[in-house]
Amino acid sequence: MEPAQGVGSLSAKTCGSCHRQIAEEWASTQHGRATVDPLYAADLAHQGEPYFCDHCHAPLVEQRPLLVHGLWMPGTSPVVRSSPNPRHVPGLREEGVTCVVCHQRDGAMLGPHESEGAPHPVRVTSELSDPEACQDCHSLDLDALGDLQRPLIDTLNEWKEYRQAGGDKVCVDCHMPLVPERPLVVGGPPRPGRSHALLGPFNEDFVRSGVEMKGASIRRLGGGFEASLVLVNRTGHRLPTAEPHRRIEVVLAGTDEQGRPQGEVSARLERIVDLDNLSEAPGQDSSLKPREERAVQLKLTSPPATARTAATLTVRFVLWEPTDPVAMASGLSPDALVHVLARWILDPD
């Protein structure tokens, strides 16, 4: 696209000169860091930098140094045909899903309010609140390239499941909640708006708010421990959604009087996908459907518990297995990759 008249640039830095608070919120999000996020960078390198990943992480043509215009099959693996991109804007790729990706259409900026004093054309619309505005990047169907039970990234279809189950919210209600009236531009009048912090899976409190945990209990039973609880999906999609590396774990662990591990058992809620071959077997998707309630029961009998053994029941959300080569290459700590959502402790007698 060309910069809108009166703006002169596709960069978020230009937008931030007027929309300062909104730009600051966006800059720290996974949208603003979509190409520089350590996990993305590590995974991209691990996969040999496939060209199509940037179609969501850096959606503008102007963000790409090379234009891909075909695939060639000289052998068993495709070779990408590309050429230098004459529209490339250096530095723009590092802005990820930058402001104009969502807000600029046909030379005008989309927004919820009229603005007579804006230096650029404004088109008032509610379409940015429509889930379909998120679809291009939050749905990824690669069925033609593999053998998947449903699209690899299926969040929009999962939201439709949520609506069929009686849900009444759209994406922005949770991920971009309404904020008290504030100036949309420096020196402007306060107006209603939405947070551009774009809450997501890297925000531990936000993840916790989407998982209700009911009736958790731990008890001694025949020389071991037994634990149970009920998990309820309060999000507008499956839990976990999108990235198949993510999972919810419920772990029952024993410790001796010195706090040393004495065995553990766990249950995992996840979608198991062979990403190398883009395949999954029926029955390997244990993610929670929208509004689903699921009882989890665990028994720990080895080694046998004693009166001086304690037990801990933990619910955690794993963004990426910390020991995975991609996670290790990212440099992120286990604490950054694993959210502890809740923990209950049964002390020794």
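Residues numbered from 1 in each chain as written. Predicted model: local features only at pLDDT ≥ 70, side-chain atom pairs only at ≥ 80, totals over all residues. Heavy atoms only, no water.

Participant: With reference to specific residues and values, describe the pattern of salt bridges.
Facilitator: It is possible for side chains of opposite charge to pair when their charged atoms get near one another. Taken as a whole and judged by the stated rule, the model has 29 salt bridges. Two residues, Glu161 and Arg238, come together in a salt bridge whose shortest N-O distance is 3.1 Å. Of this pair, Glu161 sits in helix α7 (residues 155-164) while Arg238 is found in the loop between β11 (224-233) and β12 (247-255), placing the two residues 77 residues apart along the sequence. The partner of Lys214 in a salt bridge is Glu293, with the nearest N and O atoms 3.4 Å apart. With Lys214 in strand β10 (residues 211-221) and Glu293 in strand β14 (residues 293-300), this pair connects stretches of sequence that are 79 residues apart. Assessed through its relative accessible area of 30%, Lys214 is described here as partly exposed. Because the salt bridges share partners, they merge into one network encompassing Arg150, Asp154, Glu158, Glu161, Arg238 and Asp285. (Salt bridge = Lys/Arg side-chain N within 4 Å of Asp/Glu carboxyl O. Helix = DSSP H or I, 4+ residues; strand = E, 2+ residues; numbered from the N terminus. Buried < 20%, exposed > 50% of the residue type's maximum accessible area, 1.4 Å probe, protein only.)

Participant: Describe helix α3 (residues 38-46), with residues and values.
Facilitator: Every buried residue of α3 is listed here: Leu39, Tyr40, Ala42, Asp43 and Leu44. Of the surrounding secondary structure, the elements contacted by the buried residues of α3 are α4 (54-57), α10 (325-330) and α11 (334-337). Capping the start of α3 is the job of one residue whose side-chain oxygen sits 3.2 Å from the backbone nitrogen of Leu39: Asp37. (Contact = heavy atoms within 4.5 Å. Polar contact = N/O pair within 3.5 Å; in protein donor to acceptor, adjacent residues only side chain to side chain.)

Participant: Residues and numbers for the nonpolar core, please.
Facilitator: With 24 residues, the main nonpolar core has Leu231, Val250, Leu252 and Leu313 as its most contacted residues. Elements represented by at least two residues in this core include exactly β10, β11, β12, β13 (261-270), β14 and β15 (310-318). Ignoring any residue separated from it by four or fewer positions in sequence, one finds Val250 in contact with Leu229, Leu231, Val265, Ser266, Ala267, Val296, Leu298, Leu313, Thr314 and Val315. Grouped together as the second largest cluster of nonpolar side chains are 10 residues, Ala4, Leu60, Leu92 and Val101 included. (Core = buried A, V, L, I, M, F, W, Y, C linked by side-chain atoms within 4.5 Å.)

Participant: Which residues make up unusual backbone geometry, and what values do they have?
Facilitator: That bond from Leu239 to Pro240 is cis: its omega, 0°, falls within 30 degrees of zero. With respect to the element layout, Pro240 can be found in the loop between β11 and β12. A positive phi angle is found at Glu49, which is not glycine, with a value near 55°. Residue classification places Glu49 among the exposed positions, given a relative accessible area of 57%. The backbone of Ala242 shows a phi angle near 65°, a positive value even though the residue is not glycine. Positionally, Ala242 belongs in the loop between β11 and β12.

Participant: Lay out the pairing of β15 in plain terms, naming residues and giving numbers.
Facilitator: Extensive coverage of β15 is indicated by the burial of 8 of its 9 residues. With 9 bridges joining them, β12 and β15 adopt antiparallel strand pairing. For Ala253, the partnering residue across the bridge sits in β15 and is Thr312. Relative to strand β16 (residues 338-346), β15 runs antiparallel, the two being bridged by 8 bridges. Bridged to Thr312 within β16 is Ile345. (Pairing = 2+ DSSP bridges.)

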